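Okay, here's what each chain looks like letter by letter:
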Amino acid sequence: MKKTKDRIDRKAAKTQYILSIDLGGTNIECALVDRKGNVRIKKTCPTETWKGGKAVLSNIVSIANAVMREAKSKKHRVAAVSIGTPGAVDQKTGRVIGGAENIPGWKGIPLVPALKKEFCLPTFASNDVTLYALGEAMFGAGRGAKEIVCLTLGTGIGGGIITGGKIYRGAIDGAGEVGHMTVKLDGKRDNCGSFGCLERYASATAIAEMGREACKKDKKSLLLKLAGGNADEISAKTVFDAAKKGDETAKNVVEKAGWFLGAGIANLINLLNPEMVIIGGGVAKAGTILLRIIRKAIKTYGLKVNTKDVKIVLGELKSNAGVVGAAALAWQEIDGKERGSSLAL
Ligand SMILES: [Zn+2]
């Protein structure tokens, strides 16, 4: 019996893991992720954004230490630390440099230096949606593809670009903000300060808002019934549920959002010529009903030469997408170093 246990322990010790962290607006998730994207010892704690940036960093360190302790007790080897965060991370200093307005005081936090000091391991960080895109590319719907554009449809719309199988960061790690593409010049004001951003017309927030508006004109809509008679309770899910049941008002809302999305994606396809566009996030759960409209809009607005072979698919990574994405970056950097690339750890 003891022999078997020793063998298992030796096998476990050989397997290396990334201590992987996903910082969300509500929760922090931390787990060990192996080379194949398998997740072990996942722990979650509240982010407590209202306490400010330093408190959030201290929550991250606490949960990461909890996972690390368990990893040590199980003799798991941890090769590196990696974290996905809202906003952008300066790749020279490892500091958060903005775009994370939902966490007060997060801008300027020395994220990478703090985690490096705590765990004495190579440490990586980038925008959470960019890392989601890399996770899908390495372990999800994008396996085998090198040129990928990824969109996450949730409260807002995020994006990530993979080119040559690697993250496209842009000049300051700020690339991929597809939710802020202008799709209507005289459109609604967005939180970012601009007008007519894609996320004002196709995010879960926007779809719910359009559903509530549409209800004012059509009091008989199934939307109102599904929301228990209270228009304020209409969510994006209510809109998709009613549309699937054939409600015309809800179908019109989905159609409108789908066309905006499709037009935005057509612009991305014209610009970047990806092999594949992956759509993830909560709204993607609407599935085929939305994909059908998006594909139609892409044919209408995109250049035929770029759109004819492009695959438009739903993301495959589900609840572990954040930690798997963060780990993908670390594995890629480590492998790059092993192959003798110039990437510094
Ligand atoms: Zn915007």
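Residues numbered from 1 in each chain as written. Predicted model: local features only at pLDDT ≥ 70, side-chain atom pairs only at ≥ 80, totals over all residues.

Moving on: the pairing of strand β8 (residues 148-153). Each regular strand displays side chains that alternate between the two surfaces of the sheet. In terms of residue burial, β8 counts as a mostly covered element, since six of its six residues are buried. Two strands pair when backbone bridges link them, and β8 and strand β9 (residues 157-163) are joined in this way by six bridges, in the antiparallel orientation. Bridge pairing in β9 links V149 to I161. Between β8 and β9, which follow one another and run antiparallel, lie three residues. Where β8 lies against strand β11 (residues 276-280), five bridges are found, and the strand directions are parallel. In the sheet register, T152 faces β11, and the bridge partner there is G280. (Buried ≥ 20, exposed ≤ 12 C-beta atoms within 10 Å, placed from the backbone. Helix = DSSP H or I, 4+ residues; strand = E, 2+ residues; numbered from the N terminus. Pairing = 2+ DSSP bridges.)

Moving on to the domain arrangement of the chain. Domain assignment breaks the chain into domain 1 (2-133) and domain 2 (141-314). Taking the mean C-alpha position of each, domain 1 and domain 2 sit 29 Å from one another. Each partner contributes residues to the interface: domain 1 has 12 residues there, and domain 2 has 14 residues. Counting residues per element, the ones that place at least two in the side of domain 1 that touches domain 2 are β5 (88-89), β7 (123-127) and α4 (128-139). Broken down by element, the residue count for the side of domain 1 that touches domain 2 peaks at four residues, all from α4. Broken down by class, the residue content of the side of domain 1 that touches domain 2 amounts to six nonpolar, five polar and one charged. (Domains from an automatic or database assignment. Contact = placed C-beta atoms within 7 Å. Nonpolar A, V, L, I, M, F, W, Y, C, P; charged D, E, K, R; others polar.)

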